Amino acid sequence: MEEITKAVKAFTLEQGADVVGIGSAEAMNTEARKLQTPEENLPGAKAVVSFGIRMLNSIFKSPNIRISRASYVYLHHSLDNIAWKIAGFLEERGFDAIPIASDVPVEMMERGGLLADISHRHAAVQAGLGRVGLSGHFLSPRFGPRVRLVSVITTAPLTADEPLKDEVCLGEKCRKCIESCPARAISEDGFEAKKCLSVMHEYNLYGLLKLMGKVLNAEDPEEKKRLIFDRTFSEIYMSLRSGDPPFCIKCVEVCPNGQVKTKLTP
Ligand code: B12
Ligand code: SF4
Ligand code: SF4
């Protein structure tokens, strides 16, 4: 299996991934919460190909929120596209393989809300690509949290990588993610999704409804025009195109792990 493992990794990097590793499905079956295991998604699963594409550092320097938002859409499309190709690559070699979406769809209610079929962070940790930090983010030693992830579950018995032993997060010495979160969603006790969402809502469909209310109430025709053309059109367009992209990214921006390391071009 060594040969096919090498071939899958090489193929993934050729397609545009910046990091790739293999996680053991057995280990994830034991550790993951219910309905987030490889086996429940693909009976007979043996391995999980985990990979990521780094975020551009320059995005964080732009004061224009649309640049950051567009990068979200771009990265998720790229990740899903490559994951689909990897699954095809494995099927052509006689194995079953399923890509798990990089973002939505997720289970909204039954399992306690907003749970994906696989935690890509968990898969990346198992695949030896990095560790989870205080912010809840997966931190790569090279890109910190500035990397978006996706996973492909397969019945191919690929050789698993060893999880990383060294800590990447600077922990108590740093706390920058805790201090900068506008929703106070991060603490030593963990991450609270509901609090984070309350900030995200300012920028998604709920925010859009609020914006429409403002349009209806605006008395000055110039202000009405500005709200319609400058804001509402782009919000509707982005929501339709990408589902409902969340838009706070402060905890990623401030993490010193992401700021100091840049990619070395081979
Ligand atoms: C739904 C969702 C959200 C929800 C939160 C849901 C929740 N319950 O946590 C909301 C909308 C609030 C959200 C916010 C954000 N998200 Co989000 N989100 C997801 C999504 C689609 C599912 C997450 C999920 O199922 N969580 C359930 C919990 C159990 O898993 P988890 O948080 O992924 O990981 C935990 C466990 O795996 C565990 N773990 C990790 N390793 C190990 C090892 C062992 C042994 C064990 C037992 C456990 C364990 O610790 C992790 C951290 O708590 C994932 C994509 C995916 N399929 O994974 C993206 C994802 C997690 N989001 C991401 C990002 C970037 C964000 C935001 C910055 C928003 C943005 N602008 O993009 C914020 C960050 C908030 C934060 N501090 O974490 C990235 C994270 C990349 C990274 N480097 O970590 C992901 C992976 C998307 C992607 N494809 O890259 N998100
Ligand atoms: S995305 Fe924003 S609101 Fe959510 S945890 Fe990170 S800093 Fe806090
Ligand atoms: S900001 Fe600091 S404490 Fe938070 S995850 Fe990054 S290194 Fe860890």
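Each chain has its residues counted from 1, following the order in which its sequence is written. The naming scheme follows written order: chains are lettered A onward, ligands numbered 1 onward. In keeping with the predicted nature of the model, local features appear solely for residues at pLDDT of at least 70, side-chain atom pairs appear and are counted solely at 80 or more, and the whole-chain, interface and lining totals rest on all residues. Values shown for side chains rest on all heavy atoms present in the structure; no hydrogens or waters enter the calculation.

**Considering the sheet that holds strand 1 (residues 19-24)**
No. 1: Taken together, 4 strands build an open sheet; the order of strands is 1-2-6-3 and the sheet is antiparallel. The strands lining the two open edges of the sheet, one partner per strand, are strand 1 and strand 3 (97-100). Across the sheet, the mean angle separating the axes of adjacent strands is 25 degrees when strand polarity is ignored.
No. 2: Two strands qualify as a pair provided DSSP detects at least 2 bridges between them. The helix count covers DSSP runs of H or I at least four residues long, the strand count covers runs of E at least two residues long, and both are numbered beginning at the N terminus. Taken together, the 6 bridges between strand 1 and strand 2 (residues 47-54) define a ladder with antiparallel strand orientation. Axis definition: a line fit to C-alpha positions, over the contact stretch in the case of helices; interaxial angles, taken between N-to-C directions, run 0 to 180 degrees.

**Comments concerning the site of ligand 3**
No. 1: Here a residue counts as near a molecule or strand whenever at least one of its heavy atoms sits within 4 Å of it. As a structural note, the neighbourhood of ligand 3 is formed by Leu134, Ser135, Cys169, Leu170, Gly171, Cys174, Arg175, Lys176, Cys177, Cys255, Pro256 and Asn257.
No. 2: Of all elements in the fold, only helix 6 (176-180) and helix 11 (256-260) reach the threshold of two or more residues within the shell around ligand 3.
No. 3: Here the term charged refers only to Asp, Glu, Lys and Arg, the term nonpolar to Ala, Val, Leu, Ile, Met, Phe, Trp, Tyr, Cys and Pro, and the term polar to all other amino acids, Gly among them. A per-class count over the shell around ligand 3 returns 7 nonpolar, 3 polar and 2 charged.

**Things to note about the pattern of salt bridges**
No. 1: Any carboxyl oxygen of Asp or Glu within 4 Å of a side-chain nitrogen of Lys or Arg constitutes a salt bridge here. One pass over the structure, following the stated rule, counts 8 salt bridges.
No. 2: Notably, a salt bridge pairs Arg175 with Glu179, separated by 3.7 Å at the nearest N-O pair.
No. 3: Its relative accessible area of 23% is what places Arg175 among the partly exposed residues.
No. 4: Burial classification: accessible surface area is computed with a 1.4 Å probe over protein chains only, and a residue below 20% of its type maximum counts as buried, one above 50% as exposed, and the rest as partly exposed. Look at Glu179 and you get exposed, because its relative accessible area is 57%.

**A word on the site of ligand 1**
No. 1: Among the 36 residues in the neighbourhood of ligand 1, the closest are listed as Ser102, Ser119, Phe138, Arg148 and Leu149.
No. 2: Note that an oxygen atom of ligand 1 is positioned 2.9 Å from one of the backbone N or O atoms of His120.
No. 3: Within the contact set of ligand 1, a nitrogen atom lies 2.7 Å away from a backbone nitrogen or oxygen of Leu149.
No. 4: When residues of the shell around ligand 1 are traced back to their parent elements, those giving at least two are helix 4 (65-92), helix 5 (120-126), strand 6 (147-154), helix 7 (193-200) and helix 10 (250-254). Any N or O atom pair separated by 3.5 Å or less is treated as a polar contact, with the protein-specific requirement of one donor-capable and one acceptor-capable atom, and with residues adjacent in sequence counted only for side-chain atom pairs.

**Remarks on unusual backbone geometry**
Most peptide bonds adopt trans geometry, and most residues besides glycine take a negative phi value.
No. 1: We note that Arg175 has phi near 60 degrees; this positive angle belongs to a residue other than glycine.
No. 2: The phi dihedral of Arg184 is positive, around 50 degrees, even though this residue is not glycine.
No. 3: Residue placement: Arg184 occurs in the loop between helix 6 and strand 7 (186-187).

**Focus on the side chain of Thr155**
No. 1: With respect to the helices, strands and loops of the structure, Thr155 is situated in the loop between strand 6 and helix 6.
No. 2: Taking the relative accessible area as the measure of exposure, Thr155 reaches 18% and is therefore buried.
No. 3: Among the polar contacts listed, one links the side chain of Thr155 to the backbone nitrogen of Asp96, at a separation of 2.9 Å.
No. 4: Two residues form a contact once any of their heavy atoms are found within 4.5 Å. When sequence neighbours within four positions are dropped, the list of residues in contact with Thr155 reads Leu42, Pro43, Gly44, Ala45, Lys46, Phe95 and Asp96.

**Here we look at the nonpolar core**
No. 1: Buried residues of nine kinds, namely Ala, Val, Leu, Ile, Met, Phe, Trp, Tyr and Cys, make up a nonpolar core once their side-chain atoms join them within 4.5 Å. Formed by 28 residues in total, the largest nonpolar core has its most connected members in Val8, Val49, Phe51, Ile86, Leu90, Val152 and Leu158.
No. 2: Elements that contribute at least two residues to this core include exactly helix 1 (2-14), strand 1, strand 2, helix 4 and strand 6.
No. 3: When residues in this core are grouped by element, the largest group, 8 residues, is from helix 4.
No. 4: In contact with Val152, other than residues within four places in its own chain, are Ala47, Val48, Val49, Ala83, Ile86, Ala87, Ala97, Ile98 and Pro99.

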